[in-house]
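Tertiary structure, described
Okay, here's what each chain looks like letter by letter:
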Amino acid sequence: RSNGGIIGVSNQSSFGKCTVTSTTSSGDITLQPGTRVVSSLVIAGGGAGGSGPGCAGNSAGGGAGGAKIINLNASGTATVVVGAGGAAVSTSPANQPGGSGSVSSVESCGTTYSSSGGGGGAFGGGSCESGVAGGSGGGAASGGTGGAGVACEGNPGGPGPGAGPGVPAYGSGGGGGKGSIGSSGSPTTGGNGGNGNDFSPSFSGLPNSGVLAGGGGGGVYNPGNTAGSGGPGGGGAGGSPGGGNGTSGTTNTGGGGGGKSQISFTGGAGGSGIVVVKELNKASGMWSMQS
């Protein structure tokens, strides 16, 4: 009867006082003495925009870090790992996709839950380069396909325009975001990064007003064209048309880095992730849908 009429493992009450703890570095969170159940937002590091001087000169935006909300049994401490953003790739060696972001996770009572790092954006030109898969996938260069996203964590990157190898004037695709797929590039524009999600209704005190995990914008080649915008949620913009580095994703949002524009520039680094723990109040005999 005290277990809600369900036969099985005892379901204890939880008195966590709805305490919210956001952490931007790995370590242990000490929970309230009465806490038995927490809801955790886990956002991994975003992917970097592509690089490489030996191609057509522009590159795609990186995908946002995987983002999801997890309810789990927890008491005493919760151990968290905050993933770093993907590294910006230097101009040498040539023709490199952006670095992928690192995993973020939360663990308590012997169970670990994680989100996947964002995929790097494709380097520009060449032969139909595709974005790297990740929590959200990196965007593609001309003729390529966007990197795949992980189900329930993010979305694919934007495809490259055209059907063949890279054309210098063509913009590259934007990285995927938690809320939407990255946009395709066009002959005169880089693709916009996919939108992030607004997590502020569930968790207070988040960076960037709670809008997190946006994709990076794609780069373009010619002056007078339009670089892709970073997705709302910390995504970095594509480099300035005619020559510019991609903008890095915003720290602790999991945003993807923007792609570069022109030769001898680099894509922006991915933004680092964040883990948030909300200690729940729950009466005995009450289960979450996940449980």
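What this report covers is the structure whose coordinates are included nearby. The structure displayed is predicted, hence computed values, not measured ones.

Quick look at the sheet that holds strand E6 (residues 77–81)
Read across the sheet, four strands follow the order E3-E6-E7-E8 without closing on themselves; strand pairing throughout is antiparallel. This sheet does not close on itself; its edge strands, each paired only once, are strand E3 (27–30) and strand E8 (111–115). The average undirected angle you get between the axes of adjacent strands in this sheet is 20 degrees. Where strand E7 (residues 104–108) lies against E8, five bridges are found, and the strand directions are antiparallel. Each bridged residue has a counterpart across the sheet, and for Ser 105 the counterpart in E8 is Ser 114.

Some remarks on the nonpolar core
Counting residues in each nonpolar core, the largest one holds 13 residues, and the members touching the most others are Leu 31, Val 38, Val 106, Val 275 and Val 277. Those elements that provide at least two residues to this core are strand E4 (37–43), strand E5 (67–73), E6 and strand E11 (274–279). Ignoring anything within four residues of it in the chain, the contact list for Val 277 reads Thr 19, Val 20, Thr 21, Ile 29, Leu 31, Val 38, Ser 39, Ser 40 and Val 106. One finds Ala 64, Phe 203, Leu 212 and Ala 213 within the second-largest nonpolar core, a separate group that totals 11 residues.

Overview of the side chain of Ser 104
Mapping Ser 104 onto the fold places it in strand E7. Accessibility expressed as a relative area gives 0% for Ser 104, which makes it buried. For Ser 104, the side chain forms a polar contact with the main-chain oxygen of Ile 43, separated by 2.8 Å. The residues contacting Ser 104, other than those within four sequence positions of it, are Val 42, Ile 43, Ala 44, Gly 45, Val 81, Val 82, Gly 83, Tyr 113, Ser 114, Ser 115, Gly 273 and Val 275.

Re the side chain of Ser 172
Mapped onto the fold, Ser 172 is located in the loop between E8 and strand E9 (197–198). Exposure remark for Ser 172: the relative accessible area of 1% places this residue in the buried category. Within the structure, Ser 172 has its side chain in polar contact with the side chain of Asn 58 (distance 2.6 Å). Discounting residues that sit within four places of it in the chain, Ser 172 has contacts with Asn 58, Ser 59, Ala 60, Ala 140, Ala 141, Gly 185, Gly 190, Gly 191, Gly 218 and Gly 219.

Rules used in this analysis
Residues numbered from 1 in each chain as written. Predicted model: local features only at pLDDT ≥ 70, side-chain atom pairs only at ≥ 80, totals over all residues. Heavy atoms only, no water. Pairing = 2+ DSSP bridges. Helix = DSSP H or I, 4+ residues; strand = E, 2+ residues; numbered from the N terminus. Axes fitted to C-alpha atoms, helices over the stretch in contact; angles between N-to-C directions. Core = buried A, V, L, I, M, F, W, Y, C linked by side-chain atoms within 4.5 Å. Buried < 20%, exposed > 50% of the residue type's maximum accessible area, 1.4 Å probe, protein only. Contact = heavy atoms within 4.5 Å. Polar contact = N/O pair within 3.5 Å; in protein donor to acceptor, adjacent residues only side chain to side chain.

Don't take any of this as a statement about function, it's just geometry.
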